[in-house]
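Per-entry structural report
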Amino acid sequence: MKLWIVALLLAAPLSAQWTFQVSVGEVANLETSLEIRQKGSPTIELDADYESQSFTSPLYYSLRAGRSGWELELIHQKLFLKNRPPEVQRFDISHGYNLVTVNRAWEISNFVWRIGAGAVVAHPENEVRGRELDSEDTNLGGGYHLAGPVIQIGIEKRFVLGERWLLGLEAKASAARAEVPVAGGEAEVPNAALHLLAGVGFQNRGFQNR
């Protein structure tokens, strides 16, 4: 672990110029626990099997802006519960199990390595025991809910496409803990996922491959 930290500290910094990237891709969600609590009813506990439906609207995507190795990233992750028990008519977070992170990135051996941490901003849509969630019960308004922490780690290969454009191919892993409201209670919705993304980026000066 100490050698890994030293390697990152000694790695070459990224360009001091601004870079903006838009990516799409596919997600593999690992099986995680789900706990749903409603007042006056037994707790629902299961090993949740989610799908992300990455290429159906609204799309799964990543937006990222960075400079000098510091980045701000939004990953529009989506969760659809496949193995719903009889008490759960719907359990989706389809307008975003959004992962908002601040990242630190380094260039090592022609790859960009990054780690990041931040928050989950979720937009839950659910119906449990015939009771549908009211969007007014979320803490950010408009159906959005500040739900919990997230961390990510990733590796990206960049290819120059002219002076101002680049292509990025990236693999990353994310782990998050989140609590979202349900009618009359709340649900613990952790998520662990593997991401594969491809996208284009714009830079205000040319990115230099090494």
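Quantities reported herein were computed from a predicted structural model and do not represent experimental measurements. (Residues numbered from 1 in each chain as written. Predicted model: local features only at pLDDT ≥ 70, side-chain atom pairs only at ≥ 80, totals over all residues. Heavy atoms only, no water.)

This next bit is on the side chain of R64. Structurally, the position occupied by R64 is in strand 5 (residues 61-67). A distance of 3.4 Å separates polar atoms of two side chains, one belonging to R64 and the other to E156. With near-sequence residues (within four places) excluded, R64 lies in contact with T19, F20, Q21, E71, L72, E73, N103, R114, E156, E170 and K172. (Helix = DSSP H or I, 4+ residues; strand = E, 2+ residues; numbered from the N terminus. Polar contact = N/O pair within 3.5 Å; in protein donor to acceptor, adjacent residues only side chain to side chain. Contact = heavy atoms within 4.5 Å.)

One pass over the full model with this rule turns up 2 aromatic pairs. Taking the centre distance of 6.2 Å and the plane angle of 15° together, the rings of W18 and F20 count as stacked. Since its relative accessible area comes to 44%, F20 is described here as partly exposed. Between W165 and F202, the ring centres sit 5.2 Å apart and the planes meet at 65°, which makes this aromatic pair edge-to-face. In this pair, W165 sits in strand 12 (residues 165-176) while F202 sits in strand 15 (residues 191-203), placing the two residues 37 residues apart along the sequence. Take W165: its relative accessible area is 46%, and that puts it in the partly exposed class. Note on F202: relative accessible area 31%, which makes it partly exposed. A cation over a ring is seen here: K157 above F111, with NZ or CZ 5.3 Å from the ring centre. Over the aromatic face of F159 sits the side chain of K157, whose NZ or CZ is 5.8 Å from the ring centroid. (Phe/Tyr/Trp six-rings, centres within 6.5 Å; stacked < 30°, edge-to-face > 60°. Buried < 20%, exposed > 50% of the residue type's maximum accessible area, 1.4 Å probe, protein only. Lys NZ or Arg CZ within 6 Å of the ring centre and 35° of its normal.)

Once that is clear, we can look at the confidence of the model for the protein chain. When the pLDDT values of the protein chain are averaged, the result is 91; 90% of them are 70 or greater. Here residues 206-210 scores under 50 on pLDDT; set against residues more than four positions off or in separate chains, the count is 12 contacts. (pLDDT = per-residue confidence, 0-100.)

As a further point, take the nonpolar core. Residues L34, I36, F91, Y97, V120 and V189 are the most contacted members of the largest nonpolar core, which totals 29 residues. The set of elements that each furnish at least two residues to this core consists of strand 2 (32-38), strand 3 (44-48), strand 6 (70-81), strand 7 (88-108), strand 8 (111-122), strand 11 (145-161), strand 13 (179-182) and strand 15. At 5 residues, strand 7 tops the list of elements feeding residues into this core. Every residue in contact with L34, bar those within four places of it in the chain, is listed here: I44, E45, L46, A48, Y50, L81, F91, A187, E188 and V189. (Core = buried A, V, L, I, M, F, W, Y, C linked by side-chain atoms within 4.5 Å.)

A few words now on the sheet that holds strand 3. The sheet built from 4 strands is open, its strands ordered 3-2-14-13 with antiparallel pairing. Of all strands in the sheet, those with a lone pairing partner are strand 3 and strand 13, marking the two edges. Here the average twist between neighbouring strands, direction ignored, is 20°. The sheet contact formed by strand 2 and strand 14 (residues 185-188) spans 4 bridges and is antiparallel. When the bridges of strand 14 are listed, I36 appears paired with A187. (Pairing = 2+ DSSP bridges. Axes fitted to C-alpha atoms, helices over the stretch in contact; angles between N-to-C directions.)

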